[in-house]
Structure formats: C-alpha cells, structure tokens
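Fold and geometry: a report
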Amino acid sequence: MQIKKIGYIDEYMITGNEGVKEGLPVYTDSSKINMVVTIVVKMLFAFLLTHIIYSFMKYITNFIFSLSFLIEKIKYELVIFLYLCMLFMQNPGRINDWVSAWYVLNYKDGIGSRLLIGTILNFFFGEYITHNEVFLFVFCTLTILIGFVSFLAGRVIRSSNKDKSFAVFFIAMYLACPGSIAYLWTSGNMGRLETYSLVFFLFGVVLFEIYQKNGYDIF
C-alpha cells in the first residue's frame, strides 16, 4: 500500500493491490501546518493565561498584606470610628427645629457669628436650601467630627507606651459618657451649631499632632 500524490498541492490517495482505498484518514500538508499553528497558539495562550493568573494572585497577595499592615497600624482608630458610626446610625433623621433657621440665614441678612454656617450652605446650594440639603451637610460634618475624634483617641492610646489598658479604659469611659460627641446626634441636638466649633477646634488639634509627629517645630 502506498500514498500517491495527485495534483500540485494537497490531493492524496491511498492505493494498493485492491485499488483505491476510500474512507481512510490522510493528513495533508495544510492540515499538518494547521495542527502546528493550533498547538503553538494554545501554548502561547496557556503561557499568557498562566502569567496573568500569577500576576493577579501576586497583586491580591500584596494587597491583602498591605491591607493587614494598614489595619494593624490604625486598629484603634478603626474600632473607635466604627463604634461611633454605629451610634450615629441611630440619629433621628432630621434637624432640630430650634436651630434649623440658622441654616437658611447668611451674611446677606446681617452680621452675626451664627450666620457663618448659613453662608457656607448658601455658597454650595444657592439661595433656596431644602431640608435634605441641610441634613446632608450636617451628616457629613458629624462624620468628619467622628473621624477627628477617632484619630485623636487612637493617638492617646498609642502615646501610652507603658500601659495601654489605662488609656483604653479612659477612652471607653469617654465614649460611654453622655457628654461625649454622641449627644450631638440625639433628637434634641441634631444640627446644633457647636458641632462646627468642635470640628474647627479638633481640626487644629489634628494638624498639631500631624506636624508634631513629622518633627516640625511649630513654636
């Protein structure tokens, strides 16, 4: 039995003693080339896929390691922030009626220390301010206040190098005290103007701590 080529390109037939044998698989030149190309493409695809999976897993591993390192670095601040946010979620959902008027008055209506907040709101929201806009402004301000308190409370705990248990107890007593910042989002105090005085004051304290930590001589 032998394979005989017919034509000039890829036409073959198998011949033998009994004549032409039909139905037998014959690999032509083009099918061999296609097979080699397919194998090479699959090998390249497998290599690229393996490289992509390896790079992705390496990125995820580095991200998890960095995240765990960051959480370890801010674990006190994070716990206090989440605790205060949990308390903050119990807010009444509306501004106290006694202070709502100061959010719509601004320096166009006169001169007074209580008109600053209304002027800021007028700058962001325009002349006509809705209750939802006021509540959003108060909500964001209280969230910033919680962040400042969490940062400073974490700094207090970290500064007590010898015995952190006393500092943790002191911070826990403050957070459980009715005089903590949690009173600012109760039903009778939501939106009180002293919230902004605390934010401005604690912002200065946070800046002082950051400058002191970085070794800057402020005074």
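In the block above lies the structure referred to throughout.
Residues numbered from 1 in each chain as written. Predicted model: local features only at pLDDT ≥ 70, side-chain atom pairs only at ≥ 80, totals over all residues. Heavy atoms only, no water.

A few points about the packing of helix α3 (residues 116-125) against helix α4 (residues 131-159)
At a minimum axis separation of 11 Å, α3 and α4 run at an interaxial angle of 115°. In terms of axis orientation, α3 runs roughly perpendicular to α4. Regarding α3 and α4, the two cross each other, and that crossing is right-handed. Contacts between α3 and α4 involve I117, I120, L121 and F125 on the former and, on the latter, E133, V134 and F137. Residue composition of the contact of α3 with α4, grouped by class: six nonpolar, no polar and one charged. (Axes fitted to C-alpha atoms, helices over the stretch in contact; angles between N-to-C directions. Helix = DSSP H or I, 4+ residues; strand = E, 2+ residues; numbered from the N terminus. Parallel < 35°, antiparallel > 145°, perpendicular 65-115°, else oblique. Left-handed = near helix turned anticlockwise from the far one by under 90°. Contact = heavy atoms within 4.5 Å. Nonpolar A, V, L, I, M, F, W, Y, C, P; charged D, E, K, R; others polar.)

Side note on the packing of aromatic side chains
For the coordinates displayed, the defined rule picks out seven aromatic pairs. Relative to W185, the ring of F88 lies with its centre 5.1 Å away and its plane at 55°, an arrangement referred to as tilted. Highlighted residues: F88 in helix α2 (residues 75-88) and W185 in the loop between α5 (164-176) and α6 (194-213), separated in sequence by 97 residues. Under the relative-accessibility criterion, F88 is labelled buried at 1%. On the basis of relative accessibility, which here comes to 4%, the residue W185 falls in the buried class. Aromatic pair Y103 and Y196: ring centres 6.3 Å apart, planes at 65°, arrangement edge-to-face. (Phe/Tyr/Trp six-rings, centres within 6.5 Å; stacked < 30°, edge-to-face > 60°. Buried < 20%, exposed > 50% of the residue type's maximum accessible area, 1.4 Å probe, protein only.)

Some remarks on the nonpolar core
One finds Y103 and W185 to be the most contacted residues of the largest nonpolar core, which totals 35 residues. Of the residues forming this core, the biggest block, twelve residues, is contributed by α4. Not counting chain neighbours up to four residues away, the residues in contact with W185 comprise L84, L87, F88, N91, P92, L142, I146 and M190. (Core = buried A, V, L, I, M, F, W, Y, C linked by side-chain atoms within 4.5 Å.)

As for α6
Since one α-helical turn is 3.6 residues long, residues separated by three or four positions face the same way. For α6, spanning 20 residues, the distance from its first C-alpha to its last is 28 Å, which sits close to the expected 28 Å at 1.5 Å a residue. Looking at the packing, one finds that the buried side of α6 touches α3 and α4. (Expected span 1.5 Å × (residues − 1).)

In short, geometric facts, not functional conclusions.
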